[in-house]
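Okay, here's what each chain looks like letter by letter:
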Amino acid sequence: MGDVRGGPIPKDADAYVQQDLAKHPTVKRVCSRTVLMASRVGTARTIAAARWTADVMPPSHARYEDGVRYYRCIASLNGQEPRRSFFH
């Protein structure tokens with residue numbers, strides 16, 4: 001698993017609801033498999049793109065209430081437990 005980037009939560013997005021945030025056009029573009037695959041490092045570059053699942057991690061409700069307004073893009077290998085970051 002790795003987190004690569006993300007950004008400020010768009011003002012017109014549901015901020016801490018993962019399923020809704022993942023559907024937002026800007027977030028979908030930033031956290032796309034294409035973007036994530038371009039940022040792989042090390043041995044991750046040898047793993048086929050089809051083996052990766054891209055997703056979005058919003059702040060928790062509590063962190064959002066505390067003022068956190070950023071999301072992160074994450075990816076994991078299908079069927080494997082995350083052990084380290086493969087992205088920059």
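Bear in mind that the values here come from a model prediction, so they are computed numbers and not experimental data.

A.B. asks: Looking at this structure, I do not really get the overall build of the protein chain. What am I missing?
C.D. replies: For the protein chain, the helix and strand inventory stands at four helices and three strands. Helices and strands appear in the protein chain in the N-to-C order β-α-α-α-β-α-β. The long-range share in the protein chain, meaning contacts at least 24 apart out of those at least 6 apart in sequence, stands at 68%. Of the accessible surface of the protein chain, which amounts to about 5500 Å², a share of 51% is contributed by carbon and sulfur atoms.

A.B. asks: What should I look at first to understand the environment of K23 in this one?
C.D. replies: Among the structural elements, K23 can be located in helix α1 (residues 18–23). Using a relative accessible area of 61% as the deciding quantity, one classes K23 as exposed. A sequence separation of 33 residues divides K23 from V56, and the C-alpha atoms of the two residues are 9.6 Å apart.

A.B. asks: Where do I start with the packing of aromatic side chains in this structure?
C.D. replies: Under the criterion given, the structure shown has one aromatic pair. With a centroid separation of 5.4 Å and 50° between ring planes, the pair formed by Y16 and Y64 is classed as tilted. Here Y16 is found in the loop between β1 (2–8) and α1, whereas its partner Y64 is found in helix α4 (residues 61–65), with 48 residues between them in sequence. Judged by relative accessible area, Y16 falls into the partly exposed class, the value being 34%. Here the guanidinium or amino end of R69 rests over the ring plane of Y64, the centre of that ring lying 3.7 Å away.

A.B. asks: Please clarify how the confidence of the model for the protein chain should be interpreted in this entry.
C.D. replies: For the protein chain, per-residue confidence averages 85 on the pLDDT scale, and 85% of positions sit at 70 or higher. Averaged pLDDT values for the elements of the protein chain fall to 70 in β1 and rise to 94 in helix α2 (residues 25–30).

A.B. asks: Mind showing me how you'd approach the side chain of R40 here?
C.D. replies: Looking at the element boundaries, R40 is found in the loop between α3 (33–38) and β2 (52–57). A polar side-chain atom of R40 sits 3.0 Å from the main-chain carbonyl oxygen of M37. One polar contact links the side chain of R40 to the main-chain carbonyl oxygen of A44, over a distance of 3.2 Å.

A.B. asks: What is the right way to read the nonpolar core from this model?
C.D. replies: Of all hydrophobic cores here, the largest spans 17 residues; its most connected members are L21, C31, W52 and Y71. Mapped onto this core, the elements with two or more residues apiece are α2, α3, β2 and β3 (70–77).

A.B. asks: What's the story with the side chain of H24 in this structure? I'm lost.
C.D. replies: Note that H24 resides in the loop between α1 and α2. Given the relative accessible area of 10%, H24 is considered buried. Those residues within four positions of H24 in sequence are excluded, and the remaining contacts are P10, D12 and A13.

A.B. asks: Explain the environment of T46 here, please?
C.D. replies: Counting through the fold element by element, T46 comes out in the loop between α3 and β2. Assessed through its relative accessible area of 70%, T46 is described here as exposed. A polar side-chain atom of T46 sits 2.6 Å from the main-chain carbonyl oxygen of T43.

The rules behind the values
Numbers given to residues run from 1 along each chain, matching the order in which its sequence is written. The predicted nature of this model means local features are confined to residues of pLDDT at least 70 and side-chain atom pairs, given and counted, to a pLDDT of 80 or more, with totals for whole chains, interfaces and linings taken over all residues. Excluded from the side-chain calculations are hydrogens and water; all other atoms, namely the structure's heavy atoms, are used. What counts as a helix is a DSSP run of H or I of at least four residues, what counts as a strand is a run of E of at least two, and both are numbered from the N terminus. By the convention used here, residues are in contact when the closest approach between their heavy atoms is within 4.5 Å. Method for areas: the Shrake-Rupley scheme with a 1.4 Å probe, in which residue coverage is limited to the protein chains shown. When a residue's accessible area, from a 1.4 Å probe over protein chains only, is under 20% of the maximum for its type it is buried; when over 50% it is exposed; and in between it is partly exposed. Within 6.5 Å between ring centres, the rings of Phe, Tyr and Trp (the latter by its six-membered ring) count as paired, and their orientation is classed by plane angle as stacked under 30 degrees, edge-to-face over 60, tilted in between. Whether a charge sits over a ring depends on NZ of Lys or CZ of Arg being within 6 Å of the ring centre and within 35 degrees of the ring normal. Confidence scores labelled pLDDT are given residue by residue by the predictor and lie between 0 and 100. Here a polar contact means two N or O atoms within 3.5 Å. Within protein one must be a hydrogen donor candidate and the other an acceptor candidate, and residues neighboring in sequence count only if both atoms are side-chain atoms. The set of buried Ala, Val, Leu, Ile, Met, Phe, Trp, Tyr and Cys residues whose side-chain atoms join them within 4.5 Å is what this entry labels a nonpolar core.

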